[in-house]
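Below, each chain spelled out in residue letters.
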Amino acid sequence: MKKHYSKKAGLAPGTIVHVGEARTERPKITLINYDRNNYEERVVEDIETCFLCKDSSSVTWINIDGVHQVDIVEKIGTHCGLHPLVMEDIVHTDQRPKMEEFESYIYLVLKMLQFDDATAAVTTEQVSIILGPSFILSFQEDEGDTFEPVRERLRNSKGRIRSVGPSYLAYALMDSIVDNYFIVLEKIGEFLELLEEDMIENPTPEILEDIHGIKKEIIYLRRSVWPLREVISRLERSESPLIEKVTMEFLKDLYDHTIRIIETAETYRDITSGIMDVYLSSVSNKMNEVMKTLTIIATIFIPLTFIAGVYGMNFEHMPELGWKWGYPAAWIAMLLVSVSMLMYFRRKKWL
Amino acid sequence: MKKHYSKKAGLAPGTIVHVGEARTERPKITLINYDRNNYEERVVEDIETCFLCKDSSSVTWINIDGVHQVDIVEKIGTHCGLHPLVMEDIVHTDQRPKMEEFESYIYLVLKMLQFDDATAAVTTEQVSIILGPSFILSFQEDEGDTFEPVRERLRNSKGRIRSVGPSYLAYALMDSIVDNYFIVLEKIGEFLELLEEDMIENPTPEILEDIHGIKKEIIYLRRSVWPLREVISRLERSESPLIEKVTMEFLKDLYDHTIRIIETAETYRDITSGIMDVYLSSVSNKMNEVMKTLTIIATIFIPLTFIAGVYGMNFEHMPELGWKWGYPAAWIAMLLVSVSMLMYFRRKKWL
Amino acid sequence: MKKHYSKKAGLAPGTIVHVGEARTERPKITLINYDRNNYEERVVEDIETCFLCKDSSSVTWINIDGVHQVDIVEKIGTHCGLHPLVMEDIVHTDQRPKMEEFESYIYLVLKMLQFDDATAAVTTEQVSIILGPSFILSFQEDEGDTFEPVRERLRNSKGRIRSVGPSYLAYALMDSIVDNYFIVLEKIGEFLELLEEDMIENPTPEILEDIHGIKKEIIYLRRSVWPLREVISRLERSESPLIEKVTMEFLKDLYDHTIRIIETAETYRDITSGIMDVYLSSVSNKMNEVMKTLTIIATIFIPLTFIAGVYGMNFEHMPELGWKWGYPAAWIAMLLVSVSMLMYFRRKKWL
Amino acid sequence: MKKHYSKKAGLAPGTIVHVGEARTERPKITLINYDRNNYEERVVEDIETCFLCKDSSSVTWINIDGVHQVDIVEKIGTHCGLHPLVMEDIVHTDQRPKMEEFESYIYLVLKMLQFDDATAAVTTEQVSIILGPSFILSFQEDEGDTFEPVRERLRNSKGRIRSVGPSYLAYALMDSIVDNYFIVLEKIGEFLELLEEDMIENPTPEILEDIHGIKKEIIYLRRSVWPLREVISRLERSESPLIEKVTMEFLKDLYDHTIRIIETAETYRDITSGIMDVYLSSVSNKMNEVMKTLTIIATIFIPLTFIAGVYGMNFEHMPELGWKWGYPAAWIAMLLVSVSMLMYFRRKKWL
Amino acid sequence: MKKHYSKKAGLAPGTIVHVGEARTERPKITLINYDRNNYEERVVEDIETCFLCKDSSSVTWINIDGVHQVDIVEKIGTHCGLHPLVMEDIVHTDQRPKMEEFESYIYLVLKMLQFDDATAAVTTEQVSIILGPSFILSFQEDEGDTFEPVRERLRNSKGRIRSVGPSYLAYALMDSIVDNYFIVLEKIGEFLELLEEDMIENPTPEILEDIHGIKKEIIYLRRSVWPLREVISRLERSESPLIEKVTMEFLKDLYDHTIRIIETAETYRDITSGIMDVYLSSVSNKMNEVMKTLTIIATIFIPLTFIAGVYGMNFEHMPELGWKWGYPAAWIAMLLVSVSMLMYFRRKKWL
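Presented here is a report on the structure given in the accompanying data block. Predicted model only: the values in this text are computed from it and were never measured. (Residues numbered from 1 in each chain as written. Chains lettered and ligands numbered in written order. Predicted model: local features only at pLDDT ≥ 70, side-chain atom pairs only at ≥ 80, totals over all residues. Heavy atoms only, no water.)

Side chains of E197(A), D198(A), E201(A), E206(A), E209(A) and D210(A) sit close together on the surface and give a patch of like negative charge. Sorting the residues of the negative patch by element identifies helix 5 (166-201) and helix 6 (205-237) of chain A as the ones contributing at least two each. (Patch = residues over 30% accessible without salt bridge, like charges linked within 9 Å, V, L, I, M, F, W, Y side chains within 5 Å. Areas by Shrake-Rupley, 256 points an atom, 1.4 Å probe, with all protein chains shown as cover. Salt bridge = Lys/Arg side-chain N within 4 Å of Asp/Glu carboxyl O. Lys, Arg positive; Asp, Glu negative; His and termini not counted. Charge placed at Lys NZ, Arg CZ, Asp CG, Glu CD. Helix = DSSP H or I, 4+ residues; strand = E, 2+ residues; numbered from the N terminus.)

Rendered as structure tokens:
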């Protein structure tokens, strides 16, 4: 939950300060340059190397893994004419997904999600995409990403992705992020199913923590997913010349996907609170069973012990003690008491 | 809950991959061809056979049961000029109900529901309908369907269904699906009533699972039903020439039906949470009764046992033990204690 | 909850099938004919008798109690030119309140409510009203109705109701139905007050069922009342020449009434869940009291019984047993233990 | 909750029948007449006396305390040309706050609230205000009111209130009612704070009733306050010539006040349910403590009593009984058992 | 919660009365005067000193700490031509955040928040900002503020803040207030994390109070934050010439920040109720454990004690007592009973 806001408080707006965790040691810059016929991909050391490509007739995609070295972001940002507030947001990794339209570029913020099976936690990574007239800039916090299939398609295919412009590439990147949400949701769904089975069989206090944990993860997940809907719907309705017509139809499909993701997240939230309710009831039921056991044992033996106690008294004048059949009679009395108690419990359906 | 999203992640959009379970072995293709005077129905082996009929002046309805063999969908889709994203959605059986308007056809996705009495589970089947200028394509996941009455009406009647065009047939198909929702809701309603009776009589932990189960089914049901409202309202407001004027009025009626279904689903949801509350209270009440029994027995006998214990002590100098009426006096004391306890409980209304 | 939907599934739309319970043996047809100066009222045997009156210059009101004999509805409907879907809805008694505007008539569905004091249940009866240019058709499920005061006013007064046209009569009928809602709500309010008193005094499990029952009734009530708001607001905004200007102002007043009814229903819902919460707490409080009693008795006597047990042991070498003051000393020890326990409980505020 | 709706059911709309409680014996009519220079105030016996003043060039304010004598309302209403439905609503004291615009006057209904400290109940009084071109009519149910400060300002000041027209007076009256809401809310806030303190210290069942009671009061309060927002916003947006321009700005301020009142009421509602939750938890915590006490005492003494019981047996061959150190050894065994139990409880943090 | 509304009730609108607590002894007036080249800052004793500066070509910022001395507010307000209702609101410290546009100035109300770590309470301070054509007035309740970084930037930088006009300064002030919200939220987040850890380890009743307390703080926080969204969005959409174009883009950024703050507040509210649920379950779990311990001990020893009691009876004819192996046999019986009980508990998974 810690976001180190204090680091930023009081600074002038537009000051470029990295907020978040540095997840890589050194930012890695990948430069991809392609048109219908050619494809070039290389890792560059120096951000200045990319400057040349940006304005070529081919499409240039510069991907930067790691935003903690703010000077790199500042250099490429300044070169591409980004607004200082945009640069500030790129390195401030606590943005909500958003879309901002400027005259010569569109700025997109999305969240890349990963579900960690071991801890049942969702980790979030901020991805910023700048869609320019002939280039795409993408900024990630960490190296591992969901863009690999896109790169693979760029390398191999000569199809749509190579022939349309940068807006289709931007769509493809967003699509790969959103596709990954389905996988995260699938894993959460499996986790919930496991939880459900465990819970009914054996509602231990550990399950309580698991339910609370997954509930929180779903709350955070919703925060990443809800604004996405607006982002894509605004892209779709945008009249920016940066978005080619052919991309539009695919954006509609992407919008559909986000709706489905939101609905699934809402469903999981409902199911989680259902599980919580069942857990609480299971605990009550367990308690009930424990109490019944105690009550049955206690109410049977307490009267018996009383009878035994009576004939353990030391009064000199206790006629029963002298009777020949006194002892068996006491046993019979005790048997009668316990049998009638058992019958009472059976009638109450406690046995 | 499993949806095998991972199968699709990373593929180019428009790639036609079946997502879901193959429910039939071989897709079954039924071709119906009719106009005001003629009616022809046959099962065809090969999808190409249907190509001839599509453009005849009569209405052609091609129904395909089973979408897991993607090549069939691809062939007929390409022949009818469907958008690749539409074909992708037809074989991806996790769509939400939706309506997409294209220039030469309308694409509809609906969910066919079945309530399984044995498991109290709702099973969902995706139905895709393509409404073209003189043809209807319908895709189902499985063979059994709710379209039989529509076919029956086509075969027998010479009425409206035979004289209006394909838009009325599309309406009739949707109407048969929606009509079936009422039956599913009716069954859920009966299940809830049984649950309610059981619960008050005997709130066992099994009922808890039943409540949780039906709650989840209603959550899933709502996901199928809510978007339907928008689908039909958009159809109604559509200005597509594909929808004849006479169909419009019937769509208004269908819209009414969906509203009623949504309201009933909401009512059931409210009632289910009401049942959950009552269940929890019943468990508490049961616990209360158990505790009362224990408390009454224990508080009556514990003092008595104490009295018996006192006169079981072995002190040499215990004057009471030598008294002639000591033993009866002890009994009287014990009786007094128990009677006063019983009176106290009666005053508290515990008996 | 049973609605016999299955009866209708698969039939062609516009098929006139009675859905619901037949509440009367034979439909009763009442024909009223009036203008500023004349008033005629009679029960007719045959629906055809009414055909003559319909187009006279006076206002004709045909009221039919019982819709299970579909041929009557069909005859009068066909004579008045009603749409088949309207006739279908009249005999299908599970409509939601709605208003449908046709060229030559307006079709209104409302729900007449009755609160049964004995079972605390709300019974619903569907009322369909057809407002034509010079006639009103009204269809009820049962004979007893809330229209009697309207008839009384028609018979006696020469005021507004006799001088304005059929739209004012339609308003008067709706007003009498809505007025009756207030009475139903008043009775529910009284029931809730009784429940509240009972509950705090003596939270028995029967009250739980009562709360759950009234909660369900309020849920069903809301379903009848909420759509009414839209019905009347649409009537008010309608530009149909069938609605005279003088009626309009009265519709505004009626709209006000429905808002008040909706608000009261919402309030009752909130109060009911408040009562449920208090009930649950009362049960917990009762349990607490039971447990306290047990705990006080048990914790006082268990140590005492132990002391008595110790001196009931049969060791040969137990010096205390031979002491002269051993027995009184044991009593004093026991007294001290019990007094200190009582003081502990008093300090904890359990006594 | 009783509203005597039954009194009205079946009457023709526009019938003037008093609904509610008669709170004064005889209605009191106060006539105030003022302009920039003159001020006249008197109590009149007969409503006809007021007729003369109504059309003078000065502003006339007729205040009537008590609406149960319907003839007074009818006389003045007819004289001022009020619609019959307006007169009906004035004497029907169960209106929701509303604003109705007529050609020559505006009709306003508001609720005057009083918080009764003794019973922690909010009492409601209906106030109807008629804003005419040169007069104000105000109807209250009871004599005591919140208008006294307005009268005081009229009497003393020569400022805005005397120089602007009747719309400003209407505003001043509404403002005095709304100002009073703040006082009611403040008292509810204090009551909630007391409740909170009590609850954590000593959660008695009486507090439960208090929470439920105040919750209900807040529900009723909301019903008076929510519609107010719309009333004032509609007044503000009204283009009626009856509302002077200078009044408009003050209405905006009043609107602000109602928003604040609504927000405070919502906050109180949230806090009340928070208190309910804490109450329930406190009850559980108390129970826990009771159970712990019982468990500790019982689990310590039950084994000890068993040991004492063993050596109280009367077998002839029990070697321990003859041992010299048998008795002290038994004590040591009992001490060991109780010490180990205590250590176990300490480890569990129950002590 | 106390707001002393009673102080104001009945006064004429526009009467300037301080509502709230006087937090400083004497209001402190700071006058800052700057343009691109010059900067002057001083504390003035007399508000009249500021009058000269207001209309200079440079930007004048008059900051007043303490609004309880109403004459100061009145003097400067009158000098700047503020509406009486604005002056009333400045000294009435219970406003909701709002924005009011007048012809020659914009009036803004915001809330400055501080989180007190010791009491886990959020304290609120009202800040009023008047944005005029060449001046800014700011009113605070107390001396310590979050404006210091803005002053620092004014003093040092020659950048944007010195070259743009008063609208940018107003933005900078609002930004510093909103930035501070992030810090408050961060602290609440940390508090919630601590609470969560504590709760699972040891759910004491104190934690209950903490949860309730923080829940209330979040409720109050939301009241300060929600209206902010509208304030800034209205500023953004305002067409007032007072707001320079360059400021507009920064306001969009500020709007983004408020959305994020609102979302975080909502998340915290959800998490708090999650924590409450877990707390309740933990209490139940603890109770369960206590009850299990009692039940195990009691159900093992009660039968044993009964057996011991039987052979403590004093019947003359009890053959077992005379048996040589009677005593060991009793022990064996008792061992068998306890072992079988333990096995039963293990099978139930209670051990």
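Further remarks concern the pattern of salt bridges. Taken as a whole and judged by the stated rule, the model has 101 salt bridges over all chains. In this structure, E196(C) and K216(D) form a salt bridge, with 2.9 Å as the shortest nitrogen-oxygen distance. On the criterion of chain membership, the pair formed by E196(C) in helix 5 (residues 166-201) and K216(D) in helix 6 (residues 205-237) is interchain, its members lying in two chains. By relative accessible area, K216(D) is classed as buried at 17%. (Buried < 20%, exposed > 50% of the residue type's maximum accessible area, 1.4 Å probe, protein only.)

Turning our eyes to something else, we now look at the relation of the copies chain B and chain C. Mapping chain B onto chain C is achieved by rotating through 72 degrees and translating by 0.0 Å along the same axis, at an RMSD of 0.1 Å. The operation mapping one copy onto its partner corresponds to a five-fold rotation axis. Ranked by how close their C-alpha atoms come to the rotation axis, the residues of chain B are headed by G312(B), at 4.7 Å. Of all interface residues in chain B, a mere 14% are interface residues in chain C too; the two copies therefore contact each other through different surfaces. (Least-squares fit on C-alpha atoms with pLDDT ≥ 70 in both. Contact = heavy atoms within 4.5 Å.)

Where interface size is given, it is often the accessible area lost as the parts come together that is meant. Taken residue by residue, the interface counts 63 residues in chain B and 64 residues in chain C. Both faces combined, the contact of chain B with chain C buries some 5700 Å², and carbon together with sulfur accounts for 65% of it. Applying the counting criterion to the chain B and chain C interface returns six salt bridges. Across the pair K215(C) and D277(B) runs a salt bridge whose closest N-O atoms are separated by 3.6 Å. Broken down by secondary-structure element, the contributors of at least two residues to the side of chain B that touches chain C are helix 4 (148-156), helix 6 (166-201), helix 8 (245-310), helix 9 (319-322) and helix 10 (326-347) of chain B. (Buried area = accessible area lost by both parts, 1.4 Å probe.)

What follows covers the arrangement of the chains. Note that chain A does not reach chain C: the shortest distance linking a C-alpha of one to a C-alpha of the other is 9 Å. The two units chain B and chain D never meet; even their closest C-alpha atoms stay 9 Å apart.

Further remarks concern the nonpolar core. Ranked by internal contacts, the top residues of the largest apolar core, which has 344 residues, are I188(A), I188(B), I188(C), I188(D) and I188(E). Residues contacting I188(A), with those up to four places away along its chain left out, are F115(A), V122(A), I214(A), I218(A), L221(A) and Y268(A). Among the nonpolar cores identified, the runner-up in size contains 130 residues, and I300(B), Y327(B), M341(D) and Y311(E) belong to it. (Core = buried A, V, L, I, M, F, W, Y, C linked by side-chain atoms within 4.5 Å.)

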